[in-house]
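Each chain, letter by letter, is given below.
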Amino acid sequence: LIQGSEPYASQKSLLLSIVTLLAARRLRVPFIFPTLENLPPVHRFGPFIGQLTARNFAFYARRARVILALNNGAASNLRAAGVPDAKIIRFPWGIWGVDRTVFHPRTHIPHPAFREPTILFAGRLDPEKGIRDLLHAFSVLAHKYNDWNLFLIGKGMLEDEVMTFAKANKLADRVHLLGWIPSRELPAYYSA
């Protein structure tokens, strides 16, 4: 059994998906792969590249033994590619795990000074990531509990909307946009 890569993730992932196809055929073994891309290829890459990507994805996905869909959008993309439901396994979590040697509580290193209690989000600030839902949920929580704060790590199309929402709901001093932070620095933020 070979675990392939999601072809959407990057150019390297696309190359790995091609290698997976070739290796599985040559070795005569099945392959599986995870997918978490929740946008249709045409929305993510535009009409021309999106259609090419969709064809490549369909070819790859239909030959996989099983595909691990990490969200409903990814499962929809698989169905749109002609993958039968019997091949789609809906996983509510990533299969890569967490490196506990990197991500663990730390008391001996400097880390950001968050005002507690804090909710931390790290990811793209785009609609498909649930940012609007997070803001509305935080608004309910924040108006009930005066000491809660929300910190958002990342960039995206909703940056301005986040701050507009925070100001309109009198939460500008409790909603904090930290911008993009390199992955190697994230463990300190999670630990804080």
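What counts and how
- Residues numbered from 1 in each chain as written.
- Predicted model: local features only at pLDDT ≥ 70, side-chain atom pairs only at ≥ 80, totals over all residues.
- Heavy atoms only, no water.
- Core = buried A, V, L, I, M, F, W, Y, C linked by side-chain atoms within 4.5 Å.
- Buried < 20%, exposed > 50% of the residue type's maximum accessible area, 1.4 Å probe, protein only.
- Helix = DSSP H or I, 4+ residues; strand = E, 2+ residues; numbered from the N terminus.
- Contact = heavy atoms within 4.5 Å.
- Salt bridge = Lys/Arg side-chain N within 4 Å of Asp/Glu carboxyl O.
- Pairing = 2+ DSSP bridges.
- Right-handed = clockwise from strand over helix to strand, strands pointing away.
- 1 Å grid on protein atoms, 1.4 Å probe; cavity = no way out; pocket = protein on both sides within 12 Å on 5 of 7 lines; lining within 4 Å.
- Points joined across faces, edges and corners; volume = space filled by probe spheres on them.
- Nonpolar A, V, L, I, M, F, W, Y, C, P; charged D, E, K, R; others polar.
- Axes fitted to C-alpha atoms, helices over the stretch in contact; angles between N-to-C directions.

A. Molecular detail of the nonpolar core. Grouped together as the largest cluster of nonpolar side chains are 19 residues, with contacts concentrated most on Phe31, Phe33, Ile67, Leu78 and Val83. For this core, the elements supplying multiple residues, two or more each, are α1 (11–27), β2 (31–35), α3 (47–63), β3 (66–69) and α4 (72–80). Per element, the largest residue contribution to this core is 4 residues, and it comes from α3. Not counting chain neighbours up to four residues away, the residues in contact with Val83 comprise Ala61, Arg62, Ile67, Leu78 and Ile88.

B. Molecular detail of the pattern of salt bridges. In this structure the tally under the stated criterion is 5 salt bridges. Among the ionic pairs, Arg124 bridges to Glu128, the shortest N-O distance being 2.5 Å. A relative accessible area of 26% means that Glu128 is categorised as partly exposed. The salt bridge involving Arg132 is made with Glu161; its shortest N-O contact spans 2.7 Å. Taken as a pair, Arg132 in helix α5 (residues 131–144) and Glu161 in helix α6 (residues 159–168) lie far apart in primary sequence, 29 residues in all. Overlapping salt bridges bring together Arg124, Asp126 and Glu128 as one network.

C. Highlighting the environment of Ala23. Of note, Ala23 is situated in helix α1. Distance from Ala23 to Ile2, taken between C-alpha atoms, is 8.4 Å for residues 21 residues apart in sequence. Excluding residues that lie within four positions of it along the chain, Ala23 makes contacts with Ile2 and Arg28.

D. Layout of the pairing of β3. Sheet analysis places β2 next to β3, joined by 4 bridges and oriented parallel. Each residue of the ladder has a partner; that of Ile32, found in β3, is Val66. In this structure, β3 lies alongside strand β4 (residues 88–90), joined through 3 bridges in parallel fashion. The partner of Leu68 across the bridge, within β4, is Ile89. Taken together, β3, α4 and β4 constitute a β-α-β crossover, and its handedness is right-handed.

E. Examining the environment of Leu27 more closely. Tracing the backbone through its elements, the reader meets Leu27 in helix α1. On the accessibility criterion, Leu27 (56% relative accessible area) is exposed. Taking the C-alpha atoms as reference points, Leu27 and Ile2, separated by 25 residues in sequence, lie 9.9 Å from one another.

F. Expanded view of the layout of surface pockets. The calculated volume of the second largest pocket comes to roughly 200 Å³. In this structure, the second largest pocket is lined by 11 residues; those nearest its centre are Glu6, Ala9, Leu36, Glu37 and Arg44. Residue composition of the lining of the second largest pocket, grouped by class: 4 nonpolar, 2 polar and 5 charged.

G. Expanded view of the sheet that holds β2. Here 4 strands make up an open sheet; going across it, the order is β1-β2-β3-β4 and the pairing parallel. Since the sheet does not close on itself, it has two edges, and those belong to β1 (2–3) and β4, each with one partner. The sheet strands contacting α3 are β2 and β3, and the helix crosses β2 at an angle near 130°.

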